[in-house]
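# Inside the fold
What follows is the residue order along each chain.
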Amino acid sequence: MIGTLKAEEASQLQLVEREDVDDEEDLFEAIDKLISAGINAGDVKKLQDAGIYTCNGLMMHTKKNLTGIKGLSEAKVDKICEAAEKIVNFGYITGSDALLKRKSVIRITTGSQALDELLGGGIETSAITEAFGEFRSGKTQLAHTLCVSTQLPTNMRGGNGKVAYIDTEGTFRPDRVIPIAERFGMDPGAVLDNIVYARAYTYEHQYNLLLGLAAKMSEEPFRLLIVDSVIALFRVDFTGRGELAERQQKLAQMLSRLTKIAEEFNVAVYMTNQVIADPGGGVFISDPKKPAGGHVLAHAATIRLMFRKGKGEQRVCKVFDAPNLPEAEAISFHCYYSNFSFRPFTDCLESLECR
């Protein structure tokens, strides 16, 4: 559990600039480097207009997508990709190199000791963490807590970075961030200034907001992207089985974009998901609910967390699926607002209303 910063220390807490971070140079190569490799500056500008700001991000696009950019012919795309391949190594590496690369992963504290232990230290960067569960189970509250803890210094188990928040359900509450920031001993105004927020109203709007993030993340030190919730707009904009295939295809494209953002900029992606009734669960299943989104969403998420209500005010988080974590549960106790301030806790997710 992170101890509260002293007032004088809190006043000095600030995010380091992108150019001051030595390790950032190893994370991605700016698209501008293509100019020195013989690529026309005008063509580089076209890539930036299309939302591609790094050579790493460029290599994550197919040539079909790149030739779809106005003004880029197949010959130009081949030349651009050839130049990018010389700058960025997207080939095979040894297991030892992969282990070394994993050391750049940052684990951001959730503010709960029990939950951090469950996750092996916190929410991982370069990965997608999905939290699914019914309403009022703690998903959105954890998102609000991460908005603050991400801005803590890395030596305090934070990410020392900014936060991007895409809200599809209208549940973001900046007034809730204020007491959480105060609990961590941080300046609430500075914390809110380091959160960029957007309200999405359609699945297309949601995807376009992701495209616009590349410019911000290439210039500023972001460490967390929150999408709350990832599936809501898809369930509204697509109806019936006749549109299910198209919905899943569009959902897969958006999830692919989230994966690329996580790996390209070494940010943690935290997305919440809804649940649906599972009639096939049978009478012997005590809680016949399953996450929405089907297999498409299940395969995209790196770590899946299931949130559920326990006895009374208890909330339970279970590791549902993870490549390097055992299946386990952590119980947290639900706290309510009290005179607009939170009491300190060790394994407690606090909020007025957990969603």
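Residues numbered from 1 in each chain as written. Predicted model: local features only at pLDDT ≥ 70, side-chain atom pairs only at ≥ 80, totals over all residues. Heavy atoms only, no water.

## Some remarks on the overall build of the chain
Selection criterion: Under the scheme used here, helices are H or I runs from DSSP no shorter than 4 residues and strands are E runs no shorter than 2 residues, and both carry numbers assigned from the N terminus. For each residue, the accessible area found with a 1.4 Å probe, counting protein chains only, is set against the maximum for its type, and the residue is called buried under 20%, exposed over 50%, and partly exposed in between. In this analysis, two residues are considered to be in contact whenever any of their non-hydrogen atoms come within 4.5 Å of each other.
Regarding its fold elements, the chain presents 16 helices and 12 strands. A burial count over the chain gives 49% of its 355 residues as buried. A fraction of 67% describes how many contacts in the chain between residues 6 or more apart in sequence connect residues 24 or more apart.

## Some words on the confidence of the model for the chain
What counts is decided by this rule: Confidence scores per residue from the predictor, reported as pLDDT, run from 0 to 100.
Confidence along the chain averages 83 in pLDDT terms, with 83% of residues attaining 70 or more. Mean pLDDT across the elements of the chain bottoms out in helix α1 (residues 7-10) (43) and peaks in strand β4 (residues 162-167) (97). Every residue in residues 333-355 is under pLDDT 50, and counting partners more than four places away or in other chains gives 75 contacts.

## Structural notes on the side chain of Thr171
As a reminder of what qualifies: As used in this structure description, the phrase polar contact means that two N or O atoms lie within 3.5 Å; if the pair is within protein, one of them must be able to donate a hydrogen and the other to accept it, and residues adjacent in sequence are counted only when both atoms belong to side chains.
Tracing the backbone shows Thr171 in the loop between β4 and α10 (174-183). Polar contacts involving the side chain of Thr171 include one to the side chain of Asp228, which spans 3.2 Å.

## So, the nonpolar core
Definition in use: Only buried residues count toward a nonpolar core. Its members are Ala, Val, Leu, Ile, Met, Phe, Trp, Tyr and Cys residues joined through side-chain atoms within 4.5 Å.
Val148, Ile195, Ile226 and Tyr270 are the most contacted members of the largest nonpolar core, which totals 36 residues. Breaking this core down by element, the ones donating at least two residues are α8 (113-118), α9 (139-149), β4, α10, β6 (222-228), β7 (268-273), β10 (303-309) and β11 (314-321). The dominant element in this core, judged by the number of residues it contributes, is α9, at 5 residues. Ile166, Phe265, Met271 and Ala292 belong to the second largest nonpolar core, which has 32 residues in total.

## What about helix α6 (residues 74-87)?
Here is the rule we go by: Multiply 1.5 Å by the residue count of a helix minus one, and that product is the helix's expected span. Picture the helix axis, draw a direction to every C-beta atom, and the arc is the one those directions span.
Helix length check: α6 (14 residues) gives 20 Å between terminal C-alpha atoms against 20 Å at 1.5 Å per residue, within 8%. For α6, the set of buried residues is Val77, Ile80, Cys81, Ala83 and Ala84. Each buried residue of α6 sits inside an arc of 165° when the element is viewed along its axis, so together they form one side. Residues Ala75 and Lys86 are exposed on α6 and point more than 90 degrees away from its buried face.

## With respect to unusual backbone geometry
At the junction of Asp228 and Ser229, the peptide bond is cis and its omega measures out at -5° in the coordinates. Inspection of the secondary structure assignment puts Ser229 in the loop between β6 and α14 (232-237). In this structure, Asn266 takes a positive phi of about 55° despite not being glycine. Turning to its location among the elements, Asn266 is positioned in the loop between α15 (244-265) and β7. Judged by relative accessible area, which is 3%, Asn266 ranks as buried.

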